[in-house]
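# Observations on the model geometry
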Amino acid sequence: MSMPRIETGETFTLLHPAASETVPVLLNSPHSGEVFPEAFLARSQLSRQEMRRASDLYVNRLVERAVAMGSTVMFAHLPRSFVDLNREPLELDPRLIAGTLPVEANTRSLRVAGGLGTVPRVIGDQVEIYAGKLALDEALARIENFYLPYHGRLHRALAELHARFGRACLIDCHSMPSNSRTTGLMPDLVIGDRFGASCRPELVALFEALARQEGFRVERNQPYAGGYITECYGRPDLGWDAFQIEINRALYMDERSLEPHSGFLDLARRLENMFAKFFAEQAFEFRTSDLHFYQKAAE
């Protein structure tokens, strides 16, 4: 099997499979970055370890082997506490950013209301990242220098797949706490397709059936239906499918120490099996008869 080509920018790593093995699928991990700029750490009132709790730690490592099966894989270098790539470009929080915000800024989204805009004000349970406000120029510089280059390359990578295959499928990969204050114990996986708006239903049904084959407890759209990336890039009527997966952190890491535990390799293997079967379908035009086969096998 050919070695993948590795493309590295300041904000991302992009793994390209061999051309002869490529399938029209891109796995994206926008929240697993662990490169904390020194100026950001100095500006924050939280420690690096505290801010790591807000990240989707190790998700890039869980999915990067998919490149050997033909998928393109992209992941961020910078943490979501610095700039959140799963937000609109200008979801800006007036409680954090000093000065007059641009007229096109979205200051009223639910994410901004929770302190989780493009430049987040808080992590976790409303823990403030900064002691004071940020200058508008600083927030806009993060968006221009880190957010926009990432999305520019992600869009181009998907467009390249679409041009080659006539369609492209983005799987946006995240992790979630094992327990939620509002919903209690979480399933193993949550698949989000914006309640059917961002992806052809047959693809999501196939992925869910394959996940159940691997023994995962699966929910769809509850409590995570997909964020900005899923909403932005999911245009199934134009041949751009997108859905999000949330992976239960307890399956692979100690949520207190933030270190991977013995379940990491087993989870990686199960995900690899699931992706391999899904990619095998994406190498060809989708066939409804195959969906019925996988659904029946998962019952």
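Residues numbered from 1 in each chain as written. Predicted model: local features only at pLDDT ≥ 70, side-chain atom pairs only at ≥ 80, totals over all residues. Heavy atoms only, no water.

### Quick look at helix α6 (residues 201-213)
The terminal C-alpha atoms of α6 lie 18 Å apart, and with 13 residues this matches the ideal 18 Å at 1.5 Å per residue to within 8%. All of the buried residues in α6 are L203, V204, A205, L206, F207, E208, A209, L210 and A211. Count one or two residues on from α6 and you reach G215, which has phi positive near 85 degrees. (Helix = DSSP H or I, 4+ residues; strand = E, 2+ residues; numbered from the N terminus. Expected span 1.5 Å × (residues − 1). Buried < 20%, exposed > 50% of the residue type's maximum accessible area, 1.4 Å probe, protein only.)

### A look at the environment of R220
Positionally, R220 belongs in strand β13 (residues 218-220). Expressed as a C-alpha distance, the spacing of R220 and F195, which sit 25 residues apart in the sequence, is 8.3 Å. The residues contacting R220, other than those within four sequence positions of it, are I191, D193, V204, A205 and E208. (Contact = heavy atoms within 4.5 Å.)

### Observations regarding empty space enclosed by the protein
Over the atoms a probe the size of a water molecule is rolled, and this reveals where empty space is left. Enumeration according to the criterion identifies 1 cavity of 30 Å³ or more in this entry. Here the largest cavity is characterised by a volume of approximately 50 Å³. Put simply, the parts of the chain that give the lining of the largest cavity at least two residues each are α3 (59-63) and α8 (263-282). (1 Å grid on protein atoms, 1.4 Å probe; cavity = no way out; pocket = protein on both sides within 12 Å on 5 of 7 lines; lining within 4 Å. Points joined across faces, edges and corners; volume = space filled by probe spheres on them.)

### Observations concerning the layout of surface pockets
Approximately 1,600 Å³ is the volume found for the largest pocket. As for the largest pocket, its lining consists of 48 residues, of which R80, L116, G124, P177 and Y224 are closest to the centre. Elements represented by at least two residues in the lining of the largest pocket include exactly α2 (48-52), α4 (110-113), β6 (122-123), β9 (168-176), β10 (179-180) and β14 (240-248). A class-by-class count of the residues in the lining of the largest pocket yields 18 nonpolar, 16 polar and 14 charged. (Nonpolar A, V, L, I, M, F, W, Y, C, P; charged D, E, K, R; others polar.)

### Things to note about the pairing of strand β2 (residues 12-16)
Counting buried residues in β2 gives 5 out of 5 residues, a clear majority hidden from the surface. Side chains F12, L14 and H16 project from β2 onto one buried face, and the interleaved T13 and L15 project onto a second face that is buried too. Pairing of strand β1 (residues 5-8) with β2 involves 4 bridges; the strand directions are antiparallel. Within β2, the residue paired with I6 across the bridge is L15. As consecutive antiparallel partners, β1 and β2 are separated by 3 residues. Relative to strand β4 (residues 72-76), β2 runs antiparallel, the two sharing 4 bridges. In the strand pairing of β4, L15 is matched with V73. (Pairing = 2+ DSSP bridges.)

### A closer look at the confidence of the model for the protein
When pLDDT is averaged across the protein, the result is 93; 94% of the residues are at 70 or more. Taken together, the stretch residues 284-299 has pLDDT below 50 and engages in 25 contacts with residues farther than four places along the chain or on a different chain. (pLDDT = per-residue confidence, 0-100.)

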